Amino acid sequence: MASDVLLLNTPAIEIWPGRLLRARSNHDARLLARATQVLRRKRDGRYLAAVTPDGLHALLPDLQREPGFKAAQAALDHAHRTQRAGIERVAELPLSRLRERLDALGLDDGYSARVGLPLVAEPTRLALAGFDRYRRALWLLPQAARAWAHLRDAALRDGVVLEAISGYRSHDYQLGIFERKRARGQSVEEILTVNAAPGYSEHHSGRALDIGAPDEPPAEESFERTPAFDWLRRNAGAYGFVMSYPRDNPHGIVYEPWHWCWRDAAPAP
Ligand SMILES: [Zn+2]
């Protein structure tokens, strides 16, 4: 799968390739059919604006006042300029906005030290790495997307089918889960027993991938008894993928035989 289909990422808004999105109303449908790109609010997936050959079209009234809109516009302009120049460079988004929202959520400062995990930044660009088991777009860091394609093809040559369960997840996606549960009266401690703290998941980096095998339940320890896992254990390292949470890992995170992270250093620019 070619990884030249890109998601442009900004702190509050994602810029999607138009053809991957489905219209949610007749008004949207006419615009989306012509859209090369769509601005999408990360917090709830709402479509904010469509980019067509004749310009930017708002899909909600107060687009200019939408938080993060200026940053999204700047990212679009930047992408158009660098695309013309043929430069592809992926940077990391700042963590300041995440830190503010973690404070607001009341996630205590000791958390990071306790689990021994750093905050994980989101990349400015992600590449389409195919589709996951649920037919959702699978986004990964461009280099990780290429590595995943090679890994999956190599497995297939050995008669092993690897299936993506999920790849990149945004801070906002994970924050949204916490905010909804907080609103229903759950404490942060209660939520942390079920959900990873926003900002600390390797999935935010676009380097991590949950892998499954056809007809196996997703994200279950039983994955370790599949031929797919056996193949990964022997071969994934050669493609730069490492199992992040083996049994008895120092972070106290449950054993996750399905969670693999691409760790190769990015090639020098
Ligand atoms: Zn995972």
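In this report, the structure presented in the accompanying data block is examined. Predicted model, so just to flag it, every value in this text is computed and none were measured.

Reading the values: rules and limits
- Residues numbered from 1 in each chain as written.
- Predicted model: local features only at pLDDT ≥ 70, side-chain atom pairs only at ≥ 80, totals over all residues.
- Heavy atoms only, no water.
- Helix = DSSP H or I, 4+ residues; strand = E, 2+ residues; numbered from the N terminus.
- Rg over C-alpha atoms; globule rule 2.2 N^0.38 Å.
- Buried < 20%, exposed > 50% of the residue type's maximum accessible area, 1.4 Å probe, protein only.
- Contact = heavy atoms within 4.5 Å.
- Areas by Shrake-Rupley, 256 points an atom, 1.4 Å probe, with all protein chains shown as cover.
- Donors = N, O, S within 2.8 Å, 3.2 Å for Na, K, Ca; no water.
- Arc of directions from axis to C-beta.

## Digging into the overall build of the protein
Then comes step 1: A count of helical and extended segments in the protein gives eight helices and eleven strands.
Then comes step 2: Its C-alpha atoms give the protein a radius of gyration of 19 Å, near enough to 18 Å, the size a compact globule of 269 residues would have.
Then comes step 3: Its C-alpha atoms give the protein principal-axis dimensions of roughly 55 × 45 × 40 Å.
Then comes step 4: Per-residue burial for the protein yields a buried fraction of 49% across its 269 residues.
Then comes step 5: Counting only contacts in the protein whose residues sit at least 6 apart along the sequence, the fraction spanning at least 24 positions is 63%.
Then comes step 6: Put simply, the protein shows about 14,000 Å² of open surface, and 50% of that area lies on carbon and sulfur atoms.

## A closer look at the coordination of the zinc ion
Then comes step 1: Bound to the zinc ion are the protein donor atoms His203 (NE2), Asp210 (OD) and His259 (ND1), situated 2.0 to 2.1 Å from the metal.
Then comes step 2: Motif for the zinc ion, donor spacing along one chain: H-x6-D-x48-H. With histidine 203 in the loop between helix 7 (188-192) and strand 9 (208-212) and histidine 259 in strand 11 (residues 259-262), this residue pair connects regions lying 56 residues apart in the sequence.
Then comes step 3: Histidine 203 gets classed as buried once you look at its relative accessible area, which sits at 2%.
Then comes step 4: Overall, histidine 259 belongs to the buried group, its relative accessible area being 3%.

## As for the side chain of glutamine 37
Then comes step 1: Within the fold, glutamine 37 resides in strand 3 (residues 37-41).
Then comes step 2: Apart from the residues lying within four places of it in its own chain, the contact partners of glutamine 37 are Leu8, Ile15, Trp16, Pro17, Gly18, Ala49, Ala50, Val51, Leu76 and His80.

## Structural notes on helix 3 (residues 96-105)
Then comes step 1: Every buried residue of helix 3 is accounted for by Leu98, Arg101, Leu102 and Leu105. For helix 3, the angular spread of the buried residues around the axis is 105 degrees, confining them to a single face. Set apart from the buried face of helix 3 by more than 90 degrees, the exposed residues are Glu100, Asp103 and Ala104.
Then comes step 2: Summarising the contacts, the buried residues of helix 3 are in contact with helix 6 (171-183) and helix 7.
Then comes step 3: Glycine 106, located one to two residues past helix 3, shows a positive phi value of around 85 degrees.

Geometric values such as these leave the question of function open.
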